[in-house]
Amino acid sequence: RFANEVLTRFVNMQSLESSASVSCLDPTYFETDTGSSAHSDTFLTGTVGVPKDGHLLLYAGDEDGDVRVWDLSRLLLAAEVHPVPAKADWDPRKKDQIDCSHSTEAMAQKAMSSEQPELPIKIDEAVVRQVRGWRAHHDIVRSVKAYDNPSFVVTA
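These numbers were taken from a predicted model, which means no experiment stands behind them.

Draft legend 1. Structural context of the overall build of the protein chain. The helix and strand inventory of the protein chain stands at two helices and seven strands. Scored against the burial criterion, the 156 residues of the protein chain give a buried share of 24%. The long-range fraction of contacts in the protein chain, counting pairs at least 24 apart against all pairs at least 6 apart in sequence, stands at 70%. A total of about 11,300 Å² of accessible surface is found on the protein chain, and carbon and sulfur atoms cover 52% of it.

Put into structure tokens, the structure is as follows:
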């Protein structure tokens, strides 16, 4: 339904004076009907056509050393996103020898052009909320990983 479109926007700001660039992300999906959780791509490889009630949390580390947890569950409902079948014959480590440098340069120039309007969002309602945030390091967070059973978060 939404192919190559921006669904929503939210800003990683602790205050009006500070907006640090996000340096790492870790998505986690928790199914509420079973009480179990599965990490990262479970929502994407679940039972096709069967909507699940759950929570999609996004852990984000930034250049100021802060980690924030964003709840994206309402986005799944508002966009009517459902699980898709897993790719059976896909090799994530395959290295294609395709030179895309020309199209990459052209798209980068187009994106930085002053005539290029900001991409329109498709969902206007507030569908993202910050659940928690804390100072994890005094400098940039380069890696964040959330685990369950027992629940803990590792940052570096």
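Moving on from the model shown.
Draft legend 2. Structural detail: helix H2 (residues 101–112). The end-to-end C-alpha distance of H2 is 16 Å, a good match for the 16 Å that twelve residues give at a rise of 1.5 Å each. A small share of H2 lies buried, amounting to zero of its twelve residues.

Draft legend 3. How the structure looks around unusual backbone geometry. Residue Pro150 follows Asn149 across a cis peptide bond; omega there is -5°. Secondary-structure assignment places Pro150 in the loop between strand E6 (144–147) and strand E7 (152–155). The backbone phi angle of Asn149 is positive, close to 70°, even though this residue is not glycine.

Draft legend 4. A look at a nonpolar patch on the surface. Together, Tyr147, Phe152 and Val154 give the surface a local cluster of nonpolar side chains, amounting to about 270 Å² of exposed area. Assignment of secondary structure puts Val154 in strand E7.

Draft legend 5. Quick look at the side chain of Asp71. Here Asp71 lies in strand E4 (residues 66–71). Taking the relative accessible area as the measure of exposure, Asp71 reaches 10% and is therefore buried. Only 2.5 Å separates the side chain of Asp71 from the side chain of Ser73, close enough to count as a polar contact. With near-sequence residues (within four places) excluded, Asp71 lies in contact with His55, Leu56, Leu57, Val127, Val128, Arg129 and Val131.

Draft legend 6. Structural context of the nonpolar core. Within the largest apolar cluster, 13 residues are counted, with the highest numbers of intra-cluster contacts made by Trp70, Leu72 and Ile123. Put simply, the parts of the chain that give this core at least two residues each are strand E3 (54–62) and helix H1 (73–78). It is E3 that provides the largest number of residues to this core, a total of three residues. Not counting residues up to four positions away in its chain, the partners in contact with Ile123 are Leu7, Thr8, Leu75, Ala78 and Ala79. Ranked by size, the runner-up nonpolar core spans eight residues in total, among them Leu57, Tyr59, Val141 and Ala146.

About the thresholds
- Residues numbered from 1 in each chain as written.
- Predicted model: local features only at pLDDT ≥ 70, side-chain atom pairs only at ≥ 80, totals over all residues.
- Heavy atoms only, no water.
- Helix = DSSP H or I, 4+ residues; strand = E, 2+ residues; numbered from the N terminus.
- Buried < 20%, exposed > 50% of the residue type's maximum accessible area, 1.4 Å probe, protein only.
- Contact = heavy atoms within 4.5 Å.
- Areas by Shrake-Rupley, 256 points an atom, 1.4 Å probe, with all protein chains shown as cover.
- Expected span 1.5 Å × (residues − 1).
- Patch = residues over 30% accessible without salt bridge, like charges linked within 9 Å, V, L, I, M, F, W, Y side chains within 5 Å.
- Salt bridge = Lys/Arg side-chain N within 4 Å of Asp/Glu carboxyl O.
- Polar contact = N/O pair within 3.5 Å; in protein donor to acceptor, adjacent residues only side chain to side chain.
- Core = buried A, V, L, I, M, F, W, Y, C linked by side-chain atoms within 4.5 Å.

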